[in-house]
Amino acid sequence: FISASLLTGCFKSGYDEMIVYDNEFKTGSTEKLTGAKLYKQDGEYVIGRYNQGGFVLNLDNLPKHKALQVIVEPRFHDSWDGNNNFGGIDGPDIWNLKVDGMDLVYSTFSNSPCNSLYCIFQSYPASYGVVNNPPRTEATANLPRVCHSSDAYGTSGYKMVKTIRHTGSKAKIQFQDYLVQLNAADKMCDESWSLYSLRVKVLNTP
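In this text, all values refer to a predicted model and were calculated from it rather than measured experimentally.

**A look at the confidence of the model for the chain**
When pLDDT is averaged across the chain, the result is 89; 92% of the residues are at 70 or more. For the stretch residues 1-13, pLDDT sits under 50, and the model shows 28 contacts to residues farther than four places along the chain or on other chains.

**Observations concerning the layout of surface pockets**
By volume, the largest pocket is sized at about 270 Å³. Looking at the lining of the largest pocket, the elements that each hand over two or more residues are strand E5 (44-50), strand E7 (67-78) and strand E14 (191-204). The greatest single-element share of the lining of the largest pocket, amounting to three residues, is contributed by E5. Taken together, the residues that form the lining of the largest pocket break down as six nonpolar, four polar and six charged.

**Brief notes about the nonpolar core**
Counting residues in each nonpolar core, the largest one holds 34 residues, and the members touching the most others are Trp95, Phe175 and Leu198. Breaking this core down by element, the ones donating at least two residues are E5, strand E6 (54-59), E7, strand E8 (94-99), strand E9 (102-108), strand E12 (160-166), strand E13 (171-178) and E14. When residues in this core are grouped by element, the largest group, five residues, is from E14.

**Some details on the packing of aromatic side chains**
Evaluation of the coordinates by the stated rule reveals 16 aromatic pairs. Centroid distance Phe76 to Tyr158: 5.7 Å. Interplanar angle 70°. Geometry classified as edge-to-face. Of this pair, Phe76 sits in strand E7 while Tyr158 sits in the loop between strand E11 (155-157) and E12; the two residues are 82 residues apart in sequence, bridging distant segments of the chain. Of the residues examined, Tyr158 reaches a relative accessible area of 1% and is grouped as buried. Site record: aromatic cluster; members linked through ring pairs are Tyr50, Phe55, Phe76, Trp80, Trp95, Phe109, Tyr124, Tyr158, Phe175 and Trp193.

**Brief notes about the sheet that holds E6**
With antiparallel pairing, the five strands of this open sheet are ordered in space as E3-E6-E13-E8-E9. Each of the sheet's edge strands pairs with one partner strand only, and the pair in question is strand E3 (33-34) and E9. Note that E8 and E13 share six bridges and pair antiparallel. From the neighbouring strand, Lys98 faces E13, where its bridge partner is Gln174.

Rules used throughout
- Residues numbered from 1 in each chain as written.
- Predicted model: local features only at pLDDT ≥ 70, side-chain atom pairs only at ≥ 80, totals over all residues.
- Heavy atoms only, no water.
- pLDDT = per-residue confidence, 0-100.
- Contact = heavy atoms within 4.5 Å.
- 1 Å grid on protein atoms, 1.4 Å probe; cavity = no way out; pocket = protein on both sides within 12 Å on 5 of 7 lines; lining within 4 Å.
- Points joined across faces, edges and corners; volume = space filled by probe spheres on them.
- Helix = DSSP H or I, 4+ residues; strand = E, 2+ residues; numbered from the N terminus.
- Nonpolar A, V, L, I, M, F, W, Y, C, P; charged D, E, K, R; others polar.
- Core = buried A, V, L, I, M, F, W, Y, C linked by side-chain atoms within 4.5 Å.
- Buried < 20%, exposed > 50% of the residue type's maximum accessible area, 1.4 Å probe, protein only.
- Phe/Tyr/Trp six-rings, centres within 6.5 Å; stacked < 30°, edge-to-face > 60°.
- Pairing = 2+ DSSP bridges.

Printed below as a string of C-alpha cells:
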C-alpha cells in the first residue's frame, strides 16, 4: 500500500533505515532491473541511454517499514527542450519516476541556453504544467554533450531524493521518458538520458 501524498518535513535523529538496493552500475550489474541497458562512458557503465524508453526496478521481501526513500542521479543529455511545445513537434520533454504507479517526478528538463532573447524553461523541481523554472534549475552537474552537434546544450546532472509513505513488502519503481522531437532525424543523438546511480532505503520513524 502506498499513500497519495509525499512525506513532508524531516525525520528526527535516530530513525532506523536500511538500504535495500544500491547500484552505481560501474560493474555492469543490472540485477533486479527489467528493461535496463548499459552504456559505457569514461570507461564505466551507466544505465542508458534512453529515448522514448526506460526501465523498472522490482523489489520484494522488503522488511517492515513506514516509508520508502529513492535516491537517484539521472543525467539529461543534449537538447532537452523543457516546457517547449511547438505544435506537438518539439517538446514538452518529460521525465517520469514513479513508485507503485504514483508519480514522484513528472517534470520537464531543459538544457537550452538562456539569455534575454531566448530561453526555454523547465518545470523541475515542480511537476509539469505547474510553473516555469530556468534551464538546469537544481542541477548538480553541468557536463559535456554526448553526441549533439552543438556544444551549447551539454548534459545536466541531478541528484533527487524522494521519500514516500510505504508499508508494503513489494515496490515497483519505474523510470520513463516522454520525449517529443518529430523534427529530429537522429532522435537518440538529439536528446537522451541515463542513470548514474540508484539507491533505495526503507525507513522507520522512532
